[in-house]
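If you want the building blocks of each chain, they are given just below.
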Amino acid sequence: MTALDDAIDIMAVRHAAVWSAYEMASQAAQVAAIAGEALELLGIDPAAATLAGEQVPSVRLALDVMVWRWVENRTGLLFDFSADGGSYHRSQLAASAARMRRMAEDRAAWAGLPAFAQPPVEVTRLVPDEEATYCVTIGL
């Protein structure tokens, strides 16, 4: 067993509904890429020996983000249409995946995972312009 194998197993259990809906069991290369990227974001070598117990919570959070990013990418090109008196809103799936991805990124950031930290935003001052409107200077 390697860290990559452990991550794939975690993904299969933690995201069973996505795993089933997208038939991920038959997409080994895609699954390995998702899990490998999650491990690399955490600084874990995918070829390393099995995951240490203290790494598992971070891997779960990173996999949540990566799986929802993958679903969001897969559904991003879906479109809404009407046919035969019915209205089909397939973009709802993309919107839901985006919402789930943002929540997963927030959880990962709150857990202190550096790869998912938000950049600091600082409002330094309001600066009046010549036309008496105000601009905000933001430092990133």
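Heads up: the structure comes first, above all this text.
Counting restarts for each chain, with residues numbered from 1 along the sequence as it is written. Predicted model: local features are reported for residues with pLDDT of at least 70 only, side-chain atom pairs are reported and counted for 80 or more only, and whole-chain, interface and lining totals are derived from all residues. In computing side-chain values, all of the structure's heavy atoms are included and hydrogens and water are not.

## So, the packing of aromatic side chains
The description of an aromatic ring pair uses the distance of the two centres, along with the angle that the planes make with each other.
In step 1: Note on ring pairs: Phe, Tyr and Trp rings are taken, using the six-membered ring of Trp, and paired if centres are within 6.5 Å. Classes follow the plane angle, with under 30 degrees stacked, over 60 edge-to-face and the rest tilted. Counted according to the given criterion, the structure contains one aromatic pair.
In step 2: With a centroid separation of 5.3 Å and 80° between ring planes, the pair formed by tyrosine 22 and tryptophan 70 is classed as edge-to-face. Highlighted residues: tyrosine 22 in the loop between helix 2 (16-21) and helix 3 (28-41) and tryptophan 70 in helix 4 (residues 56-75), separated in sequence by 48 residues.
In step 3: For tryptophan 70, a relative accessible area of 8% gives the class buried. In this text, helices come from DSSP runs of H or I with a minimum length of four residues, and strands from runs of E with a minimum of two, each type numbered from the N-terminal end. Here the term buried applies to any residue with accessible area under 20% of the maximum for its type, exposed to any over 50%, and partly exposed to those in between, with areas from a 1.4 Å probe on protein chains only.

## Focus: the pattern of salt bridges
In step 1: The salt bridge definition used is simple: a Lys or Arg side-chain nitrogen within 4 Å of an Asp or Glu carboxyl oxygen. The tally for this structure, following the rule as stated, stands at five salt bridges.
In step 2: Arginine 107 is the salt-bridge partner of aspartate 64, the closest N and O atoms lying 3.7 Å from each other. Taken as a pair, aspartate 64 in helix 4 and arginine 107 in helix 5 (residues 91-110) lie far apart in primary sequence, 43 residues in all.
In step 3: Residue aspartate 64 is classed as buried on the basis of its relative accessible area of 3%.
In step 4: For glutamate 105, the salt bridge identified is with arginine 69, shortest N-O distance 3.1 Å. Taken together, the positions of glutamate 105 in helix 5 and arginine 69 in helix 4 put the pair 36 residues apart, joining distant regions of the chain.
In step 5: Among the residues examined, glutamate 105 registers a relative accessible area of 15% and is labelled buried.

## Description of unusual backbone geometry
In step 1: A positive phi angle, near 50°, is found at glutamate 23, a position not held by glycine.
In step 2: Mapping glutamate 23 onto the fold places it in the loop between helix 2 and helix 3.
In step 3: According to the relative accessible area criterion, glutamate 23 is exposed, its value standing at 55%.
In step 4: Phi at aspartate 84 is positive, roughly 50°, even though this residue is not glycine.
In step 5: Locating aspartate 84 in the fold gives a position in the loop between strand 1 (80-83) and strand 2 (86-89).

## A short note on a nonpolar patch on the surface
In step 1: Note that patches include only residues with greater than 30% relative accessible area and no salt bridge, and the join distances are 9 Å for like charges and 5 Å for nonpolar side chains (Val, Leu, Ile, Met, Phe, Trp, Tyr). Per-residue and other accessible areas were derived by the Shrake-Rupley procedure at a 1.4 Å probe size, with only the shown protein chains allowed to occlude residues. A cluster of nonpolar side chains, namely Phe79, Phe81 and Tyr88, defines an oily patch on the protein surface of about 300 Å² accessible area.
In step 2: Following the sequence through the fold, phenylalanine 79 ends up in the loop between helix 4 and strand 1.

## A word on the side chain of arginine 101
In step 1: Relative to the helices and strands, arginine 101 is located in helix 5.
In step 2: Any two residues whose heavy atoms approach within 4.5 Å at even a single point are treated as in contact. Once you skip the residues sitting within four places of it in the chain, arginine 101 turns out to touch Val65, Trp68, Arg69 and Glu72.

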